[in-house]
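Remarks on the overall topology
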Amino acid sequence: MARRKKKALDLAAIEVLPRHVAIIMDGNGRWARQRGLPRVAGHRAGAENLRRIINACVEFGVQILTIYAFSTENWDRPESEISGLMKIFTRALDQELDELHDQGVCLHHLGDLNGIDPTLQDKVRRGIEKTKDNNRLILNVAFNYGGRAEILHAVQQILADGIAPEMLTEELFSSYLFTCGLPDPDLVIRTSGELRISNFLIWQAAYAELFATPTYWPDFGREELYDALLEYSHRERRFGALPEST
Ligand code: IPE
Ligand code: IPE
Ligand code: MG
């Protein structure tokens, strides 16, 4: 099949590019249902779409992409869906790791690796090790991730390290999160029309700009990502202060 030609996009029009984009990749199930397919087919289409969005982030010059792949609450789904998702993650790592590496993608994991299948744990660890010196795009995969669990984990580590209360600053606290050393997300995108944060980066996204679209994740393509970046570049971020023109 002939590959559809990529539409030319005016990248110079994006005056302020977000350094860190985070995406709640939602709507796989409804995408499948709309087509009379099982939910897992939606997850498969979602994984394929992730490939396209990673390519687009590299093309557009985004430095950090964080994706919400599996939440601590997603364990409440039926066993068959969970095992389907785990297979998709495993296969995606098997099939894509070399290409991601060649592209200069540095893989990070946010969340708790314990509690997932040891084979998959091992693949994730090897992927992180293999790509650790790459610097074109940092790809944070939030997998078995929850914002509350992350904060709780940080507090436990801080207590275990014997940090005195008066020593604890926002900066030090941030260094105990899975995103240690990375800037906060500038833009959080949620697909599928839901308007909630669903336990995603609840500390780090305190001042992120939000972009919500009704598009289901498997259909959220390069051009819509471009639209989100363009919209971001027109936002005025005030961080609680007054606009510059005041
Ligand atoms: C997002 O799609 C993928 C995961 C949560 C793993 P959903 O599976 O939540 O799709 P909907 O929201 O049911 O359509
Ligand atoms: C958020 O989507 C989690 C991921 C995209 C991995 P959900 O579909 O799990 O969120 P809720 O349940 O609609 O809030
Ligand atoms: Mg959902």
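Read on for a plain summary of the structure. (Residues numbered from 1 in each chain as written. Chains lettered and ligands numbered in written order. Predicted model: local features only at pLDDT ≥ 70, side-chain atom pairs only at ≥ 80, totals over all residues. Heavy atoms only, no water.)

Next up on the list: the packing of aromatic side chains. Per the counting criterion, the structure on display carries 11 aromatic pairs. On the basis of an interplanar angle of 80 degrees and a centroid distance of 6.0 Å, the ring pair of Tyr68 and Tyr145 is categorised as edge-to-face. One end of the pair, Tyr68, is in strand S2 (residues 64–71); the other, Tyr145, is in strand S4 (residues 137–145), with 77 residues separating them in the sequence. Here the two residues Tyr68 and Tyr145 agree in accessibility, since each one is buried. With centroids separated by 5.9 Å and ring planes inclined at 20 degrees, the aromatic side chains of Trp217 and Phe220 adopt a geometry described as stacked. Considered together, Trp217 and Phe220 belong to a single accessibility category, that of buried residues. Through a chain of ring-to-ring contacts, three or more aromatic side chains come together here, namely Tyr68, Tyr145, Phe178 and Phe200. (Phe/Tyr/Trp six-rings, centres within 6.5 Å; stacked < 30°, edge-to-face > 60°. Helix = DSSP H or I, 4+ residues; strand = E, 2+ residues; numbered from the N terminus. Buried < 20%, exposed > 50% of the residue type's maximum accessible area, 1.4 Å probe, protein only.)

Asp26, Gly29, Arg30, Arg39 and Arg77 are the nearest of the 13 residues found near ligand 1. A distance of 2.8 Å separates an oxygen atom of ligand 1 from a polar atom in the side chain of Arg39. A distance of 2.7 Å separates an oxygen atom of ligand 1 from a polar atom in the side chain of Arg77. Mapped by element, the contributors of at least two residues to the shell around ligand 1 are helix H1 (28–34), helix H2 (39–60) and helix H3 (79–103). A per-element tally of the shell around ligand 1 places H1 first, with 3 residues. (Near = heavy atom within 4 Å. Polar contact = N/O pair within 3.5 Å; in protein donor to acceptor, adjacent residues only side chain to side chain.)

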